[in-house]
Amino acid sequence: MNFDSRSILDAMPQGCQIIGFDWRYRYINLLAEKHNGRPKEELLGLTVMDCWPGITATRVFALEKSCMEERTTHQLDNEFIFPDGHRGWYRLTIQPVAEGIAIFSEEMTGQAALPEIAERLEFALESCQVGVWDISLVDHTAYRSLEHDRIFGYQELLPQWTLDDFLRHALPQYRAEVEAMVREATAAATGWTYQCEIRRADGEIRWIWFTGQHRVDGSGRSRVAGVVQDITERKRAEMALQENEKKISSIMGSMSEGLMLFDAEGNVVYQNPASLRIHGYQLDEPIEYLALQGTWKGWDEQGRPLDFTDWPISRVIRGEHVQEQVLQAQRTDTGHKFFASYNGTMIHDNSQTSAFGFITIHDITERMKGEEALKESKERLCLALNAARMAAWEYDPATLKVTLSEHAEEVLELPTRLDTSDTGYSLIHPDDVERHRALVTEAITTGGGYRSVYRHVHGEKTIWLEECGRTTVNREDNTFRLAGVVQNISERKRGEEAERHLLDVIAQEKDRLSALVDSITDEVWFADTAGQFRLVNPAGRRGFALQGTGAIDVHDLAASLEVRRPDGSPRPIEEAPSLRSLRGELVRGQEELIRLPTTGELRWRQVSSSPVRDSSGSIIGSVAVVRDITDYREAEQASRENKDRRQREFLECVIANVGACIGVMQGRDLRYTMANQAYQAFSPDKPIIGRTYCEVFPEAAEDGTERLLQHVLETGEPLELEAYQVAGPGMAGAIWQGQVVRLPAVPDEEASVLAVAWNITKLKRTEDKANNYARRLIEMEDDLRKGIARDLHDDVAQELTALSFNLAYVSRHMGGEAASKLRPILADSKEITKGVTRSVRMMMAELHPLQLEDNGLVIAIRMHAQQFANRFGIEVVVNDDPQFPRLTIIKETTIFRIAQEAMSNIVKHAAATRVTITLGKVGKFVRLTITDDGKGFEATEASPKTTETGWGLTNMRERARLIGGVLEVISNLGQGTTISLKVQEAR
């Protein structure tokens, strides 16, 4: 049992002062206040040097400084002279503590009070069930309290006690460590604290806590002294709680359902592996409410977006009880959607002062029949056993006065100061007061002690207390008193209640799980690490005619069964899913064939198995779920065969009636194994099937067609034939397009090729006519452009020149008063005439650029680019290859017209500031590329765009096709446009 250290220090028959590392007083008990001769309120918080000027020059301060810096213990007898002049001798013990140093003082001036002080100290320690011991290192004499020997199982004090006696009681595994620790501490004059198990004199095994300290007594002799306490009950409670937590953690970790725990603010405090796996989080990734709110996406069963406030965790935090809420969610790692069923609520503890929420998540995406549905909850346990909260008290039956140690009200959570026993009894729960009063009365009557556990009621709050007391007699006036300690055990009581509740919850969940496992139609097999099936549900036992409920050896059962893989080969025993999971593997949906021992029938089974781990991650078994899928596999096979039959019939119908010629040739000699009716037209007088390709087409060996087909047969590279002719009856002048591919290999058969041919004679003729019409239209357009340009030059341009001469003549010969009025009008008319002349000349250049015929495509594009830049204010850069060749006039004209149209589109649609034109030569091809930095457009917008003259991208492509070229357009919104034309150089 632990107790509050300051409460014990208050009741000590020694003065105690604690000084911090900053030399400030931290604690002074009542006796030390008396020894100092000054109220402790004048000293607490001040430094030793401020309180006692000149102390730094004394031997006492030198020993205090040594203890503070070197952490060594010192003892001395010293005479003090107080400010009021009186003197006193005190024995000081200075030893290091966690807060700094502690100074224990014993007044040596008068020794009359020593027996009573010793008796009070011994009683206080016995009331706390603490044994005291003191051994001389000189003559090895030992002093122990009776409680010391009782802890070791003796009802009376033994004649002597040594370290060997202690080691004899310690269990063997502790002896060497204890002996080494004690001897090392004794040699170094330091202290020690330790816990171990002992075997009492009556044979019972108990846990003890003991501590010791080296000191020097007043005669200068070395001694070691300390206390010992029985802590068995506390250790058992701690181990029981640890075991319960391990069991709960193991259950949660092995659950197939996800489990999420969170506090009232929505902070997620725990998620089991299943929950992390379902939502797509890493196992060590922290998940917070705000993070979920920023990243989580959900939809209801109909696919409508679900607001985060309607998500299960949000509803539970608002106080709602969520039951079977089905929704779609999105995994955070892959983004895949899944269906899940959520259940959750808030759980309050018994005091209604705190709460936590939990949600279970069941992934129902696959909706397996009879899928195991588990729901478990866990209450968080907070049981503080590492330090008991205690206070010392003294009661005078004659005056009914109660005296409590300092801070007792805070430790015991008392609403008022207890000055009399009546006040104390008034706070005790009515159900406990008579029992407590009887124990106290008996102790007073018999002069013995008592131990009582009762409840204090403070309004709506109840505090559990444990009180130990004993009667003491004052020898001087033959009066008696009660004294002892009282401990606040509310936390322990609440922990015990929570533990009982948790065990009830675990038992209920275990019963529900057992009922669920027994009721499902799927087989459930649980194996332990020894390879024994410890749990098999009724479905599994029926299928294998297993009798009784005893363990079944996994290896023996697997060896006795005929089990095959899906390909029909025997399945080795080591591949049994339960054994694989015992090795740490996760098996999902393993299919196998097994012959049932009850009927001898081969059945298809689907097995999923996973390892079961405890809280430390160690495997403690495996669980497998088995489903019979024979009916499903047979239905699937029948459906597949029916589908194959329908596809085969459909294909045969298509091949027989399609207009294309289809034939299959097999082997190196290309012998026909299939030919449809259209293909048979190549040999109307004799069947094609059974003959070779060269027998049907004798000219194939000479024109190399046979070698091409054999290459396809050997390499698998497809062959395409365009616009070829075949000799044969009725085939004169026919044009064909064909394709030959190798068919997938069939076991034990020679390779085959599939040949398909289409008669494209009419298509080619129609295409040639369309090309001729298009070419004629372009030629007519160019002739029309030339004619318009010639008419503009011969008529309009000359007339504009004559008009300019006439206006100049009139301006020179006009006089009189009208001249001054008409001269500005004539000047304006001259400028208008010049502008019209320039426009006509530019129109003539666009309609029929003379530079194109005289100097070639490069010069013509450069001149057009310069005029374009001057006219529209757009920067134009022309890059040309010095090796760029002259082409036919038709190709140069077409390329120029495409460049004109592209630059016209830039002005109307692109909003560009820079245009780059590149003329290059690559191999046998020439290339024109026009790039702008305009706004661009989506590729789907390319086709419908046209210009006011009627030439859009479609006409540009048509022009390119007529000269055997390819036009490519690349554009994206905000990234400009690139038009590329590729044309073969050959004339």
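Structure: see above.
These numbers come from a predicted model, not from an experiment.

Criteria and cut-off values
Residues numbered from 1 in each chain as written. Predicted model: local features only at pLDDT ≥ 70, side-chain atom pairs only at ≥ 80, totals over all residues. Heavy atoms only, no water. Buried < 20%, exposed > 50% of the residue type's maximum accessible area, 1.4 Å probe, protein only. Helix = DSSP H or I, 4+ residues; strand = E, 2+ residues; numbered from the N terminus. Axes fitted to C-alpha atoms, helices over the stretch in contact; angles between N-to-C directions. Parallel < 35°, antiparallel > 145°, perpendicular 65-115°, else oblique. Left-handed = near helix turned anticlockwise from the far one by under 90°. Contact = heavy atoms within 4.5 Å. Nonpolar A, V, L, I, M, F, W, Y, C, P; charged D, E, K, R; others polar. Pairing = 2+ DSSP bridges. Patch = residues over 30% accessible without salt bridge, like charges linked within 9 Å, V, L, I, M, F, W, Y side chains within 5 Å. Areas by Shrake-Rupley, 256 points an atom, 1.4 Å probe, with all protein chains shown as cover. Salt bridge = Lys/Arg side-chain N within 4 Å of Asp/Glu carboxyl O.

> Even after reading the chapter, I still don't get helix α30 (residues 953-962), so can you show me in this structure?
Along an α-helix, a turn takes 3.6 residues, which lines up residues three or four apart on a common side. Residues of α30 that are buried include every one of L953, M956, R959, A960 and L962, and no others. Within two residues after α30, G964 carries a phi angle of roughly 75 degrees, on the positive side.

> Any chance you could explain the packing of helix α29 (residues 889-910) against α30 here in plain terms?
Each pair of packed helices gets described by two things: the angle between the helix axes and the distance between those axes. Close contact between α29 and α30 brings their axes to 10 Å; oriented N to C, the two are set at 165 degrees. Classified by the angle their axes make, α29 and α30 are roughly antiparallel. The handedness of the crossing between α29 and α30 comes out as left-handed. Here T894, R897, I898, E901, A902 and N905 of α29 come into contact with α30, specifically with M956, R959 and A960. A per-class count over the contact of α29 with α30 returns four nonpolar, two polar and three charged.

> Looking at this model, I keep getting lost on the sheet that holds strand β34 (residues 875-880). Mind explaining?
Adjacent strands of a sheet form backbone hydrogen bonds with each other and so pair up, either parallel or antiparallel. Here we have five strands laid out as an open sheet, ordered β34-β35-β36-β38-β37, and mixed in their pairing. The open sheet terminates on both sides in strands that have one partner only, identified here as β34 and β37 (966-971). On average, each strand axis in the sheet is inclined to that of its neighbour by 10 degrees, with strand direction left out of account. With eight bridges joining them, strand β36 (residues 925-932) and strand β38 (residues 977-984) adopt antiparallel strand pairing. Paired with I930 across the bridge in β38 is I979. Across the sheet, α29 lies against β34, β35 (914-922), β36, β37 and β38, angled at about 10 degrees from β36, the strand it touches most.

> Is there a simple way to think about a nonpolar patch on the surface in this case?
Together, F650, V654 and V658 line one region of the surface with nonpolar side chains, adding up to about 250 Å² of accessible area. Assignment of secondary structure puts V654 in helix α20 (residues 630-657).

> I'm lost on the pattern of salt bridges in this one. Help?
When charged atoms on two side chains of opposite charge get close, those side chains can pair. What the rule picks out here adds up to 39 salt bridges. For R455, the salt bridge identified is with D432, shortest N-O distance 2.8 Å. On the criterion of sequence distance, the pair formed by R455 in strand β19 (residues 449-458) and D432 in helix α15 (residues 430-446) is long-range, its members being 23 residues apart. Taking relative accessible area as the criterion, R455 reaches 19% and is therefore assigned buried. Residue classification places D432 among the buried positions, given a relative accessible area of 6%. Here E714 ties to R668 by a salt bridge, and the two come within 1.9 Å at their closest N and O atoms. One end of the pair, E714, is in helix α24 (residues 705-715); the other, R668, is in the loop between β29 (661-666) and β30 (671-675), and 46 residues separate them in sequence. Here R668 falls in the partly exposed class, since its relative accessible area comes to 47%. A cluster of three or more residues bridged by salt bridges with shared partners is formed by R200, D202, E204, R206, D230, E233 and R236.

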